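Notes for the structure review
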Amino acid sequence: MIDTVDADTRSRMMSGIRSSNTKPEILIRKALHRRGFRYRIHVRALPGHPDIVLPKFRAVVFIHGCFWHGHGCRLFKWPATRPDFWRAKIERNQLNDLKAVRALREHGWRVAVIWECAIRHVAAAPESLVDRLACWLNDNNTFLEISE
């Protein structure tokens, strides 16, 4: 399929996509805050710069976009234009994700990954998703992944 806009316009559009303070992040942060959880955001000192850090629970939360992190859900499909570039970029993102999770767990951090598809699925009422996250924060499991 041919792109509907020229390469310069597409580049400008893609570069305008934020990597932090996205709508899914803000939705989860607000829901956690309403529940009384206190956190720090985008801590640069930790591997992978987690979206949410809950020091009291020694836990971090990554909120991954399905496209940018190559999730195998309905929201992800490989782009038809510049396939070599996108395959390399997304695979590099996935490798960086694995390295960050491994490093965090080696340093005693608990890691949760929430995928965009799960957030979109419950965007109108994220309480069930935050219930799962809150239960995980209060137990001893070291890893949690929430997807659609």
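An account of the accompanying structure is given in this report. Predicted, not measured: the structure shown is a model, and the values here were computed from it.

Conventions used here
- Residues numbered from 1 in each chain as written.
- Predicted model: local features only at pLDDT ≥ 70, side-chain atom pairs only at ≥ 80, totals over all residues.
- Heavy atoms only, no water.
- Core = buried A, V, L, I, M, F, W, Y, C linked by side-chain atoms within 4.5 Å.
- Buried < 20%, exposed > 50% of the residue type's maximum accessible area, 1.4 Å probe, protein only.
- Helix = DSSP H or I, 4+ residues; strand = E, 2+ residues; numbered from the N terminus.
- Contact = heavy atoms within 4.5 Å.
- Polar contact = N/O pair within 3.5 Å; in protein donor to acceptor, adjacent residues only side chain to side chain.
- Pairing = 2+ DSSP bridges.

Thoughts on the nonpolar core
In terms of nonpolar packing, the biggest core is built from 23 residues, with I28, V61, I114, L129, L133 and L137 touching the most fellow members. The element best represented in this core is helix 5 (residues 127-137), accounting for six residues. Here I114 is in contact with I28, V61, F62, I63, H64, I119, L129, L133 and I146, once residues within four sequence places are set aside. One finds V60, V101, L104 and W115 within the second-largest nonpolar core, a separate group that totals 15 residues.

Things to note about the side chain of R110
Tracing the backbone shows R110 in strand 4 (residues 110-115). Overall, R110 belongs to the buried group, its relative accessible area being 10%. A polar contact of 3.4 Å, which involves the side chain of R110, links it to the backbone oxygen of F57. In this structure the side chain of R110 is engaged in a polar contact, spanning 3.1 Å, whose partner is the backbone oxygen of D139. Leaving out residues up to four positions away in the same chain, R110 has contacts with F57, R58, A59, V60, W136, L137, D139, N141 and T142.

Describing the sheet that holds strand 2 (residues 52-54)
An order of 1-2-3-4-5 is seen for the five strands of this open sheet, with the pairing classed as mixed. Looking at which strands have only one partner, the edges of the open sheet turn out to be strand 1 (40-41) and strand 5 (143-146). In this structure, strand 2 lies alongside strand 3 (residues 59-64), joined through three bridges in antiparallel fashion. Bridge pairing links I52 to V61 in strand 3.

These figures capture arrangement, not role.
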